[in-house]
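What follows is each chain in one-letter form.
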Amino acid sequence: MMRTWRYALRRGVRTLSSASRPPACGQPLPHTHPHLFPIDFRMGTNPVDGGGVAFDHLTPGIPATEYENRRRALMDRLPPNSVVVLMGGRIKYMSRNIFYKFRQESNFWYLTGMQEPDAALVLEKTGHGERGYKMTMFVEPRQAHKEVWDGPSCGMDGATRIFGADEALPNDPAIMLQFFKTAVANADQLYVDLPAQVSTPRISQRTPRFSIHEFLAPSSPSGYDLFVRKTDFDNVVKLFSDRRNTHSLQREMDILRSRKSKNELQVMRHAGAISGQAMSKVMRAVHPGMQEAEAQALFEYECARRGAERQAYVPVFASGRHGLMIHYVRNDGVMGEHDVMSVDAGCEFRGYASDITRTMPTSSDGRFTSAQRDLYEALLRTLKGCTALATSRQGYTLAGLHRRSVEMLSAELRDLGFHLSFGSLERILYPHYIGHWLGIDLHDTSTVERATRLEEGMVLTIEPGLYVPDDPMYPEAFRGLGMRVEDDVAVGYDDNIILSADAPKEVADIEAVCGNRI
């Protein structure tokens, strides 16, 4: 059947009989959503008309072999007879029965590519077979009545056929408990991330029964993981918690995730391009009297129409004095004639985040005032100076880049007539860090320290900012100005790639776009 599907796509045939289509799954696959899997992974590419479908990809942009290589790399790092236990994400609710759009747990996504909720992954380093490890997945069995409401799911057959599990088991409490008793109890080393208070079992919000998913992951409506007896739940908690050989899985995962593959960088470049082009649309649209919320809606629309699944974080659209608040997310103000607006926003595309900040004039003529331009150019020179240092060969760390940003901004502000007392720059004018790691998560690989040397494949944000309060100790022309500029940077050995290059940042470019109002 797969051969028939591929042949039809090569011939340009867009419809197939139901008998010739492979079964659907709970997420897009090349044979069900060919428009999401172009071989030429560039914006606007139509895989059917313009070059074919990447049938070897499990998620758009990432081949199935890469997910296998990730699992193998993880297991190669671990000692013999190790067991990895990882719970997938769960549906979250804003109110009773009203759920948020599902997002998979990041490590589970990185290792499996599965987008369905209420799943679990166990990897056992057995040393046997071609893999050298055994992959077991716990998933919800397919249910016809449930698929009427929620659509198809992969089921146990899909866990093995699509995601490569050696064995798939139903997400049933008794089966799960028995499995863990055998696999985990006999392991020499266990890698799992436990909640902070492992001695206090969580009770399902829907029933008085106890759940291993409630212990290791957030809430979900699934009933397959619920233990009827509290003693069964307590046995699981003890099995995972009372061990001297239990280690953090997150630290091992962060080491792997800190360096992106070529495929990951390509997807992240695409995410940056989407956000950058949406940023240009905002620049072209803003004007005095426009509400910040309208600009936010425009940005989100432009991201969505280019394929983004969601925003990577709650965006900042801060005009005027709102720019003095670093995490201003109310976005309920109105732009003034002589304001600037800092927009800190980025989409999530194919599982990877972008994070861009640009500052733009909201005046009728689309031009900065003299003071606005001077302060912005000080930030821009600092951004460029730090970006030039973000290579593997030069040996900087994230902490080292921050110190250089402080030195650069200090020199820039003194040239503008600021008289800085000791510590006032970092305490008042520039109180945040130069940036953070970026990847599947906005603040990616949290256990990778800022003192880590930059290596090829790492991705970080570089985002100097200045926030000048209305205080007589600072030059009057700059009081009340808050602005930031931020790029996403992929580290190379001798150079780097600006993933957010599509977002205008030179003064001349910003004014040219802003001056051509819609």
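Residues numbered from 1 in each chain as written. Predicted model: local features only at pLDDT ≥ 70, side-chain atom pairs only at ≥ 80, totals over all residues. Heavy atoms only, no water.

Under an unreviewed UniProt entry, the chain has the name Intermediate cleaving peptidase 55 and belongs to Malassezia restricta. Quoted verbatim from the Cofactor (unreviewed entry) heading of the UniProt record, the comment on the chain is "Mn(2+)". (UniProt positions renumbered as here; feature names shortened; annotations may be inferred.)

Participant: Could you clarify how one ought to interpret the sheet that holds strand β18 (residues 356-361) in this entry?
Facilitator: Each strand in a sheet pairs with its neighbour through backbone hydrogen bonds, running either in the same direction (parallel) or in the opposite one (antiparallel). With antiparallel pairing, 3 strands are arranged side by side in an open sheet as β14-β15-β18. The strands lining the two open edges of the sheet, one partner per strand, are β14 (316-319) and β18. Across this sheet, the average inter-strand angle for adjacent strands is 10°, counted without regard to direction. Relative to strand β15 (residues 340-345), β14 runs antiparallel, the two sharing 4 bridges. Residue pairing in the sheet places Val 316 in a bridge with Asp 344 of β15. Across the sheet, helix α11 (residues 292-305) is in contact with β14 and β15; its angle to β14 comes to roughly 145°. (Pairing = 2+ DSSP bridges. Helix = DSSP H or I, 4+ residues; strand = E, 2+ residues; numbered from the N terminus. Axes fitted to C-alpha atoms, helices over the stretch in contact; angles between N-to-C directions. Contact = heavy atoms within 4.5 Å.)

Participant: What's the story with the environment of Glu 66 in this structure? I'm lost.
Facilitator: Tracing the sequence through the fold places Glu 66 in helix α2 (residues 64-77). If sequence neighbours within four positions are ignored, Glu 66 has contacts with Ser 261, Asn 263 and Glu 264.

Participant: What's the story with helix α13 (residues 398-415) in this structure? I'm lost.
Facilitator: Each α-helix turn comprises 3.6 residues. Residues three or four places apart therefore point the same way. The end-to-end C-alpha distance of α13 is 26 Å, a good match for the 26 Å that 18 residues give at a rise of 1.5 Å each. Those residues of α13 that fall on the buried side of the exposure criterion are Leu 398, Gly 400, Leu 401, His 402, Ser 405, Val 406, Met 408, Leu 409, Ser 410, Glu 412 and Leu 413. Phi turns positive one or two residues past the end of α13, at Gly 417, with a value near 95°. (Expected span 1.5 Å × (residues − 1). Buried < 20%, exposed > 50% of the residue type's maximum accessible area, 1.4 Å probe, protein only.)

Participant: What is the right way to read the pattern of salt bridges from this model?
Facilitator: Opposite charge on two side chains lets them pair, provided their charged atoms get close. All chains considered together, the criterion is met by 36 salt bridges. Residue Arg 70 is joined to Glu 66 by a salt bridge in which the shortest nitrogen-to-oxygen separation is 3.1 Å. Here the residue Arg 70 and the residue Glu 66 both occupy positions in helix α2, the gap between them amounting to 4 residues, near one helical turn. An identical accessibility class is assigned to Arg 70 and Glu 66; each is buried. In this structure, Arg 70 engages Glu 264 in a salt bridge whose closest nitrogen and oxygen atoms are separated by 3.5 Å. Separated by 194 residues along the polypeptide, Arg 70 in helix α2 and Glu 264 in helix α10 (residues 262-285) bring together distant segments of the chain. Neither residue differs from the other here; Arg 70 and Glu 264 are each classed as buried. A single salt-bridge network, built from bridges that share partners, covers Arg 103, Arg 257, Lys 260, Arg 310, Glu 348, Asp 441 and Asp 444. (Salt bridge = Lys/Arg side-chain N within 4 Å of Asp/Glu carboxyl O.)

Participant: Would you mind going over unusual backbone geometry with me for this structure?
Facilitator: Backbone geometry follows two general trends: most residues other than glycine have a negative phi, and most peptide bonds adopt the trans configuration. For Asp 118, which is not glycine, the phi torsion reads 60° and is therefore positive. Relative to the elements of secondary structure, Asp 118 occurs in the loop between α3 (106-112) and β6 (120-124). Not every positive phi belongs to a glycine, and Asn 331 is a case in point at roughly 50°. With a relative accessible area of 2%, Asn 331 lands in the buried category.

Participant: What am I meant to see in helix α6 (residues 173-183) here?
Facilitator: Among the residues of α6, Pro 173, Met 176, Leu 177, Phe 179, Phe 180 and Ala 183 are the ones counted as buried. One side of α6 holds all its buried residues, which, seen down the axis, span an arc of 165°. (Arc of directions from axis to C-beta.)

Participant: Even after reading the chapter, I still don't get the packing of α10 against α11, so can you show me in this structure?
Facilitator: Packed helices, taken two at a time, are described by the angle between their axes plus the distance between the axes. Two elements in contact, α10 and α11, have axes whose closest approach is 8 Å; the angle formed by their N-to-C orientations is 145°. Between α10 and α11 the crossing geometry is right-handed. Mapping the contact onto sequence places Ile 274, Ser 275, Ala 278, Met 279, Lys 281, Val 282 and Ala 285 in α10 and Ala 295, Leu 298, Phe 299, Glu 302 and Cys 303 in α11. Taken together, the residues of the contact of α10 with α11 sort by class into 9 nonpolar, 1 polar and 2 charged. (Left-handed = near helix turned anticlockwise from the far one by under 90°. Nonpolar A, V, L, I, M, F, W, Y, C, P; charged D, E, K, R; others polar.)

Participant: So what exactly am I meant to see when it comes to the confidence of the model for the chain here?
Facilitator: Caution applies to low-pLDDT parts of the model: their predicted coordinates are not meant to be read in detail. Summing up the model confidence of the chain, the mean pLDDT is 88 and the portion of residues at 70 or higher is 86%. Note that pLDDT drops below 50 for residues 1-20; the model gives that stretch 25 contacts with residues more than four away or on any other chain. Throughout residues 220-225 the model reports pLDDT below 50, and contacts reaching past four residues in sequence, or to other chains, amount to 27 contacts. (pLDDT = per-residue confidence, 0-100.)

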